[in-house]
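# Residue-level structural notes
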Amino acid sequence: NSKNRNQSSDARAWFEKMTTLAENVEGRVSKLLLSLVKIEKDGGSASSKYKDMYRTVLTHKISPGNKKGDENDEEKTNSPYCDLPSSFPVYDLLESLTKWMSLTE
């Protein structure tokens, strides 16, 4: 029983670290794309590649499934740690950007 509690607290600590890391990555991706949008605009580029990518990030951020504290993750109930997330929103963000890139090539 003590071993299970230690594993549970280790899992929670790991998820806390990964959640912080995921939030930092998401913020950095957003800031970098915003900087690229400004460079693209200031450079007089006719392309709106980075602006469109930034829109993808914003769309991801406001989508209902990606808000902080969202408890509608069906996979949580299948986990031995039901109150821990099964994935991080940054994964979906990066996946959306990858799909966008493949569609524009």
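Quantities reported herein were computed from a predicted structural model and do not represent experimental measurements.

The next subject is the nonpolar core. One finds Val29, Leu33, Val37, Met53, Tyr54, Val57, Leu93, Leu97 and Trp100 forming the largest nonpolar core, which totals 9 residues. Not counting residues up to four positions away in its chain, the partners in contact with tyrosine 54 are Ser30, Leu33, Leu34 and Val37.

What follows is about helix H2 (residues 49-62). Under the 1.5 Å per step criterion, the end-to-end length of H2 is 20 Å for 14 residues, consistent within 8% with the ideal 20 Å. Buried within H2 we find Met53, Tyr54, Thr56, Val57 and His60. In an axial view of H2, the angular spread of the buried residues amounts to 150 degrees, which keeps them on one side of the axis.

With that settled, consider the packing of aromatic side chains. Tallying each qualifying case throughout the model produces 3 aromatic pairs. Both rings, one in phenylalanine 15 and one in phenylalanine 88, keep their centres 5.8 Å apart while their planes meet at 35 degrees; by these two values the pair is tilted. Placement of the pair is phenylalanine 15 in helix H1 (residues 2-42) and phenylalanine 88 in the loop between H2 and helix H3 (89-104), with a sequence separation of 73 residues. Using a relative accessible area of 17% as the deciding quantity, one classes phenylalanine 15 as buried. For phenylalanine 88, a relative accessible area of 17% corresponds to the buried category. Linked through ring pairs, Trp14, Phe15 and Phe88 together constitute an aromatic cluster.

Criteria and cut-off values
- Every chain is numbered on its own, with residues counted from 1 as its sequence reads.
- Where local features are concerned, this predicted model is filtered to residues with pLDDT of at least 70; where side-chain atom pairs are given and counted, the filter is 80 or more; whole-chain, interface and lining totals use all residues.
- Where side-chain values are given, they derive from all heavy atoms of the structure, hydrogens and water being excluded.
- The set of buried Ala, Val, Leu, Ile, Met, Phe, Trp, Tyr and Cys residues whose side-chain atoms join them within 4.5 Å is what this entry labels a nonpolar core.
- The cut-offs for exposure are 20% and 50% of the maximum accessible area for each residue type, with area from a 1.4 Å probe on protein chains only; residues under the lower value are buried, those over the upper are exposed, and the others partly exposed.
- A contact between two residues is defined here by any heavy atoms of the two lying within 4.5 Å.
- Note on conventions: DSSP H or I runs of at least 4 residues are helices, E runs of at least 2 residues are strands, and numbering of each starts at the N terminus.
- Here, expected helix span is obtained from the residue count minus one, scaled by 1.5 Å.
- Here, the arc refers to the directions that run from the helix axis to the C-beta atoms.
- Two rings from Phe, Tyr or Trp (for Trp, the six-membered ring) form a pair when their centres sit within 6.5 Å of each other. Planes less than 30 degrees apart are called stacked, planes more than 60 degrees apart edge-to-face, and all others tilted.

The quantities given are spatial measurements derived from coordinates; they are silent on function.
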